[in-house]
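One-letter residues, chain by chain:
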Amino acid sequence: MKRLLDRFVSGATGGARTSSADAAEADDEGFFATQFMERPESVRGSSAWSARALAVGAQPLDPEVGLALLMRAWGQDALMAALGEDVQRKLLPHLQFVKVPAGRELIVQGERGDYALVVLDGVVAVDRVPPAGGRVRLAEAREGEVIGEMSLLDASARFASCLTLSACALAVLTSEALDELAIEEPRLGMALMTCTARRLSLRMRQLGARLGALLDASRAGPHPV
């Protein structure tokens, strides 16, 4: 991955100044209401998006519509905006845009994946199954947020499972497409990676805050009667 990032850095031109992404507050509406939503039975993990797309019943989304949704979510990012519409359209050969019904497992915990997904519309639950069993709701991804990016970057096993809570529109970024962007469009690839990294950082901060609140509550113990 370091080599891949080095390609982006060495291939990028211009000095577009980055600015901090606006940190949107986590929207917890419906967070607990959907935490125990039943998951499909007999879901088989798959490492390739081509197989996962068949398993979840993904249908093609018009690329022009998909790109418009992506730019609605990411177009104000400093690096992405600096590239201009002509350069942004060069994403079209490298991304897939799909629609997926509600109740479909996009990512399965423990599998090794070759793709990340940008949520363009809809809501996706991010849940982890701890060793003791049960499910823990880590987050709910909405417009502009990315899921599966950690495994895409480091090729490790998926940390959590992701289930569509509503019908969703998604942009699919595979490892192969990421390699192509690094070589053919390094500035565009770097902008895409920066958008992804910022959203990953924000989600980690939100998750850390939730875990911190749970720890504080457990240390405080029950209130005296």
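Residues numbered from 1 in each chain as written. Predicted model: local features only at pLDDT ≥ 70, side-chain atom pairs only at ≥ 80, totals over all residues. Heavy atoms only, no water.

Colleague: Hey, could you run me through the sheet that holds strand β4 (residues 115-121) in this one?
Modeller: In any sheet, the strands associate via hydrogen bonds between backbone groups, in a parallel or an antiparallel arrangement. Strand order in the open sheet formed by 5 strands is β1-β2-β9-β4-β7, and the pairing between neighbours is antiparallel. In this open sheet, the two strands that pair with only one neighbour each are β1 (59-60) and β7 (146-147). Sheet topology places β1 next to strand β2 (residues 96-100); 2 bridges connect them, and they run antiparallel. For P60, the partnering residue across the bridge sits in β2 and is V98. Those strands touched by helix α3 (residues 63-74) are β2, β4, β7 and β9 (168-174), and its axis lies near 85° from that of β4. (Pairing = 2+ DSSP bridges. Helix = DSSP H or I, 4+ residues; strand = E, 2+ residues; numbered from the N terminus. Contact = heavy atoms within 4.5 Å. Axes fitted to C-alpha atoms, helices over the stretch in contact; angles between N-to-C directions.)

Colleague: Quick question: what am I supposed to make of the nonpolar core here?
Modeller: Here is a general trend for soluble globular proteins: nonpolar side chains tend to be buried in one another's company. Among the nonpolar cores identified, the biggest contains 28 residues, and L70, W74, M80, L91, L120 and L173 are the most heavily contacted of them. Of all elements in the fold, only α3, α4 (78-88), β4, β9, α6 (175-184) and α7 (186-220) reach the threshold of two or more residues within this core. In this structure, M80 is in contact with M71, W74, G75, Q88, L188, A191, L192 and C195, ignoring residues within four places of it in sequence. If you look at the next biggest cluster of nonpolar residues, it comprises 22 residues, including V100, I107, L138 and A160. (Core = buried A, V, L, I, M, F, W, Y, C linked by side-chain atoms within 4.5 Å. Buried < 20%, exposed > 50% of the residue type's maximum accessible area, 1.4 Å probe, protein only.)

Colleague: Quick question: what am I supposed to make of empty space enclosed by the protein here?
Modeller: To find the voids left in a structure, one rolls a probe of water-molecule size over its atoms. Evaluation of the coordinates by the stated rule reveals 1 cavity of 30 Å³ or more. Of the pockets and cavities examined, the largest cavity occupies roughly 50 Å³. Taken together, W74, A116, V118, V146, E149, L152, L153, L173, L192 and T196 make up the lining of the largest cavity. No other element matches helix α5 (residues 149-154), which puts 3 residues into the lining of the largest cavity. (1 Å grid on protein atoms, 1.4 Å probe; cavity = no way out; pocket = protein on both sides within 12 Å on 5 of 7 lines; lining within 4 Å. Points joined across faces, edges and corners; volume = space filled by probe spheres on them.)

Colleague: What is the right way to look at helix α2 (residues 49-56) in this model?
Modeller: An α-helical turn contains 3.6 residues, so any two residues separated by three or four positions project in the same direction. Within α2, burial applies to W49, R52, A53 and V56. Seen along its axis, α2 keeps its buried residues to an arc of 105°; they face one direction. Across from the buried face of α2, at angles greater than 90 degrees, the exposed residues are S50, L54 and A55. In the segment just after α2, G57 is the residue with positive phi, at about 70°. (Arc of directions from axis to C-beta.)

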